[in-house]
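Survey of secondary and tertiary structure
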Amino acid sequence: MINAIVFGLAVALISFICYWFFGNHHEQAGNSTIQNNEQHATIVVKGGYSPSTLILKQGVPAKVNFDMQDSTACLAHVVFEKLGVDKDLTKQKITTIEIPTDQKGEIDYACGMDMFHGKIIIK
Amino acid sequence: MKLSNLQRFWISFILAVPMLIQMLAMPFHWQMPGYRWIAFGTTTIIMLIAAIPYWKSAWAAFKHHNSNMNTLVAVGTTVAYFYSIFALFTGRDVYFESAAYVTIFVLLGDAMEERMHNNASNALGKLLELQVKKAEVLKDGKYVDVPLDQVKVGDTIRVRPGQKIAVDGVITKGSTTVDESMITGESMPVEKTVGDPVVGSTINNNGSILFKATKVGKDTMLSQIVEMVKKAQTSHAPIQNLTDKIAGIFVPAVLIIAIITFTVWFVFFHATAVQAMLFAVSVVVIACPCALGLATPTALMVGTARAAKMGILIKNGEALEEANGLQTIVFDKTGTITNGKPIVTDLIGDPQQVLPIAGSLEENSEHPLAHAIMTKVKESQIKFPSAQNFKDLRGKGVQALVNGQPAFIGNAKLVTDCQLSAELQKQMIALQDEAKTVVLVGIADLVIGLIAIQDTPKPTSAEAIAKLKARGLKTVMLTGDNRNVAQAIADQVGIDQVIAEVLPGEKAEQIKKIQQSTSGKVAFIGDGVNDAPALSTADIGIAMGSGTDIAIESGEIVLVQNDLREVVCALDISRKTFNRIKLNLFWALIYNVIGIPIAAGMFAHLGLELSPELAGLAMAFSSVTVVGSSLLLNKAKIEDDPQLRKE
């Protein structure tokens, strides 16, 4: 009896691990708040970027705050390849990066090692 | 108080010393008195200051359905630590050292990376400081000083001799020579007259000019270069960290194996719950990425330190990998292949007659050609009289009275004004064919001698290029200089291909073209401001130590001694180090591949089980293997090691 329970539990755990790590997960995209013709958004940096996808409105000057809550080296830098931005996030708690919103499109960003990814969609 | 990774590393390292002693003493069956409690105390502190950040980051990554190196570290350390506490109170063997050492080694890797980032300087900012603060702009018929940011396109700007040109523009009045070396790396001043373009931040030498601003602010050549370097630096796709890639699959896999181990032992072999758990815990502990974490940083540390001793600074690990697939190596000409300073190469005519006159006429000149001639005169220890009544021959040369006789020195344009024997004429053409600048020296109306001047290759350049070619690399020269001069230098040093007359802003573009035309990696070696975008664009940028700050920042490898033979060493050491990293990772992985099944008890029926002592010893052994393998890099044979070179 106990064997069956243990066996069942093991199978359940393994399925959960497979589902959790290898499954296809979609994350809710974040939005910005617009104030005085300027939009602001915050991305929390902790074991990744949340939200990792951020939607900005076209034509409104945007400031994106990266809130650093991770103290390991992995996420120390954020790199916007297209914009030529490479910022060290560990110098201050919140790092503000201005994002040009004059054109529609996607701007990808990543950590310094290109392991963690996120994107900003302008529409 | 926030501790840096390096501080956390040292505190943890000192705390872990007793465990290290115990681990080394294990084979001699010596047990430190009260070891279990000492280990418990020190490991608890290490966990608190060093491991918790990894646990937090791993948990946050877990919530994002991610697993990485941190997850592996977190799972390994938590299991080892909390199981050991359980074992401590139930009288079983403890694994505190596993938890402590995994944390310390991973921390070492992080600390090294932190240090590399902190070393990045701010040469880009310095580059913009080359700009002048204000310009003399024509306003209502008067020239007034205007701050640089208020200069507009279309403004007429006056530049006096010796002043810096403020922005990009076109000359509208006057003629002069301009020192553009800070932008082009070209040491010879360029002659400019009405209609010629001028570049901001270059230095106006001898004439007073007026020019119309055509580009200001962000559009100037200098600002464009800064912008290009910034973009090129961030778009340099960093290699994905191999260990992180493995960790993405490894962590879930290890967890699954651990669960299967427990189930199989408990359900099918009817082991007790504690026994089954021991096997499962062993699996996770043995999978701890101790050696895996050490593999890269130790090899990097030894490899870069050895390179530094040879005068080669390797700024990041990526350069090492790129060096492996290198197929093409592109050189800047001036200052890289050549010395960057023109010198006298040939003297036609009687030196006793020619040099005193040349010395008299060029003594007070600021022209770099004059500088080369004066160096030659001083070397020959020839005395010369001083000249009177100097007269500028407008773009041709100078004339003056030497010992009461009219004497002159100047370029080939003088030929129409004076007599040149057929013999000298022939020699002049021969020298010009070798892309040398020829200066005529004469008395009265007769040319009595020729002085040929050239920016010659460094004595070691040809040897270095031959060695690179022997390695199967294609060599290319990329220069803004004219085709004849470039080809002449290329022939002297044995370069395969010449790309000449490249505009300062186009070098990066050319590198991209080369990258597209070849499947292999492309390296670029340069020293000037205009080389910076190309250095960042190339797969490996190698900067000369004598180069501009911006070039040194843009390059991944810096050659301190400005000797191209160091490129050969740099490539050798890069390849050796990268191969060592791969070997280390292989050992570390093999260790896991063999260790996990043993830990899971697969060979228990053969009596092969991983007892706690063995687990500890095996872990220490794998780490020692990796560290030892890295240290062997110090002994690896590097061809052309300057320390072994006999000069």
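Residues numbered from 1 in each chain as written. Chains lettered and ligands numbered in written order. Predicted model: local features only at pLDDT ≥ 70, side-chain atom pairs only at ≥ 80, totals over all residues. Heavy atoms only, no water.

Looking now at the packing of aromatic side chains. Scanning all chains against the criterion turns up 24 aromatic pairs over all chains. The interplanar angle of 25° and the centroid separation of 5.0 Å between the aromatic rings of A:Trp20 and B:Phe62 together place this pair among those described as stacked. Here A:Trp20, found in helix 1 (residues 2-22), pairs with B:Phe62, found in helix 3 (residues 35-63), and the two come from separate chains. By relative accessible area, A:Trp20 is classed as buried at 17%. On the basis of an interplanar angle of 75° and a centroid distance of 5.8 Å, the ring pair of B:Trp37 and B:Phe89 is categorised as edge-to-face. On the criterion of sequence distance, the pair formed by B:Trp37 in helix 3 and B:Phe89 in helix 4 (residues 69-90) is long-range, its members being 52 residues apart. (Phe/Tyr/Trp six-rings, centres within 6.5 Å; stacked < 30°, edge-to-face > 60°. Helix = DSSP H or I, 4+ residues; strand = E, 2+ residues; numbered from the N terminus. Buried < 20%, exposed > 50% of the residue type's maximum accessible area, 1.4 Å probe, protein only.)

We now examine the environment of B:Leu414. Residue and element names in this part refer to chain B. When you line up the elements, leucine 414 lands in the loop between strand 15 (405-410) and helix 16 (422-433). Judged by its relative accessible area of 4%, leucine 414 falls in the buried class. Separated by 26 residues in the primary sequence, leucine 414 and leucine 440 place their C-alpha atoms 7.9 Å from one another. Every residue in contact with leucine 414, bar those within four places of it in the chain, is listed here: Leu393, Lys396, Phe408 and Ile409. (Contact = heavy atoms within 4.5 Å.)

Turning our eyes to something else, we now look at the packing of helix 2 (residues 17-25) of chain B against helix 3 of chain B. Residue and element names in this part refer to chain B. The N-to-C vectors of helix 2 and helix 3 enclose an angle of 135°; their axes lie 9 Å apart at closest approach. It follows that helix 2 is oblique to helix 3 by the angle criterion. Helix-helix and strand crossings are classified by hand; for helix 2 and helix 3 the assignment is left-handed. On helix 3, the residues that touch Pro18, Met19 and Gln22 of helix 2 are Tyr35, Ile38, Ala39, Thr42, Thr43 and Ile46. Of the residues in the contact of helix 2 with helix 3, the class split is six nonpolar, three polar and no charged. (Axes fitted to C-alpha atoms, helices over the stretch in contact; angles between N-to-C directions. Parallel < 35°, antiparallel > 145°, perpendicular 65-115°, else oblique. Left-handed = near helix turned anticlockwise from the far one by under 90°. Nonpolar A, V, L, I, M, F, W, Y, C, P; charged D, E, K, R; others polar.)

Residues and elements named next belong to chain B. If you trace the backbone, lysine 383 turns up in the loop between helix 15 (368-379) and strand 13 (388-392). The exposed category is assigned to lysine 383, whose relative accessible area is 79%. In this structure, the C-alpha to C-alpha distance between lysine 383 and isoleucine 357, residues 26 residues apart in sequence, is 9.8 Å.

Right, let's talk about the sheet that holds strand 4 (residues 168-173) of chain B for a bit. What links the strands of a sheet is backbone hydrogen bonding, and the strands pair in either a parallel or an antiparallel sense. All names here are of chain B. With respect to topology, six strands assemble into an open sheet ordered 2-1-3-9-4-7, the strand pairing being antiparallel. Each edge of the sheet is formed by a strand with only one pairing partner; in this case those strands are strand 2 (142-147) and strand 7 (197-198). Pairing of strand 1 (residues 134-139) with strand 3 (residues 156-159), which is carried by two bridges, proceeds in the antiparallel orientation. Bridge assignment links valine 137 to a residue of strand 3, and that residue is isoleucine 157. (Pairing = 2+ DSSP bridges.)

All names here are of chain B. Together, Leu6, Trp10, Phe13, Ile14, Val17, Ile21, Phe28 and Trp30 give the surface a local cluster of nonpolar side chains, amounting to about 820 Å² of exposed area. Ranked by residue count, the leading element in the nonpolar patch is helix 1 (residues 5-15), at four residues. Positionally, tryptophan 30 belongs in the loop between helix 2 and helix 3. (Patch = residues over 30% accessible without salt bridge, like charges linked within 9 Å, V, L, I, M, F, W, Y side chains within 5 Å. Areas by Shrake-Rupley, 256 points an atom, 1.4 Å probe, with all protein chains shown as cover. Salt bridge = Lys/Arg side-chain N within 4 Å of Asp/Glu carboxyl O.)

Further remarks concern the pattern of salt bridges. Residue and element names in this part refer to chain B. Inspection of the entire model under this criterion finds 16 salt bridges over all chains. Two residues, arginine 565 and aspartate 563, come together in a salt bridge whose shortest N-O distance is 3.0 Å. Aspartate 563 matches arginine 565 in its accessibility class, with the two residues each being buried.

The sites that carry the UniProt feature "transmembrane region" (unreviewed entry) are, in the present numbering, residues 6-22 of chain A. Secondary structure across residues 6-22 of chain A comprises 100% helix and 0% strand; the distance between its end C-alpha atoms is 24 Å. (UniProt positions renumbered as here; feature names shortened; annotations may be inferred.)

The next point concerns the side chain of B:Lys436. All names here are of chain B. Within the element layout of this structure, lysine 436 appears in the loop between helix 16 and strand 16 (437-443). At 3.0 Å, the side chain of lysine 436 forms a polar contact with the side chain of aspartate 346. At 2.7 Å, the side chain of lysine 436 and the side chain of glutamate 434 are in polar contact. In this structure lysine 436 touches Thr345, Asp346, Leu431, Ala452, Ile453 and Gln454, once residues within four positions along its chain are discounted. (Polar contact = N/O pair within 3.5 Å; in protein donor to acceptor, adjacent residues only side chain to side chain.)

A word on unusual backbone geometry. The omega torsion across A:Ser50 and A:Pro51 is -5°, close enough to zero to call that bond cis. In the Ramachandran plot, B:Ser201 falls in the positive-phi region, its phi being about 80° despite a non-glycine side chain. Looking at the element boundaries, B:Ser201 is found in the loop between strand 7 and strand 8 (203-204). For B:Ser201, a relative accessible area of 2% puts it in the buried group. Positive phi, close to 55°, is recorded for B:Glu501, a residue that is not glycine. Tracing the chain through its elements places B:Glu501 in the loop between strand 19 (497-499) and helix 19 (507-517).

This part is about the environment of B:Met602. Residues and elements named next belong to chain B. Counting through the fold element by element, methionine 602 comes out in the loop between helix 22 (565-599) and helix 23 (612-631). Taking the relative accessible area as the measure of exposure, methionine 602 reaches 52% and is therefore exposed. Sequence-wise, methionine 602 and tryptophan 265 are 337 residues apart; in three dimensions their C-alpha atoms are separated by 9.9 Å.

Residues and elements named next belong to chain B. Read from one edge of the open sheet, six strands run 12-17-16-15-14-13, paired in antiparallel fashion. The strands lining the two open edges of the sheet, one partner per strand, are strand 12 (343-348) and strand 13. Mean inter-strand twist for the sheet, computed between neighbouring axes without regard to direction, equals 20°. As defined by bridge partners, strand 16 adjoins strand 17 (residues 446-454) across seven bridges and the pair is classed as antiparallel. Directly across from isoleucine 443, in strand 17, lies its bridge partner leucine 446.

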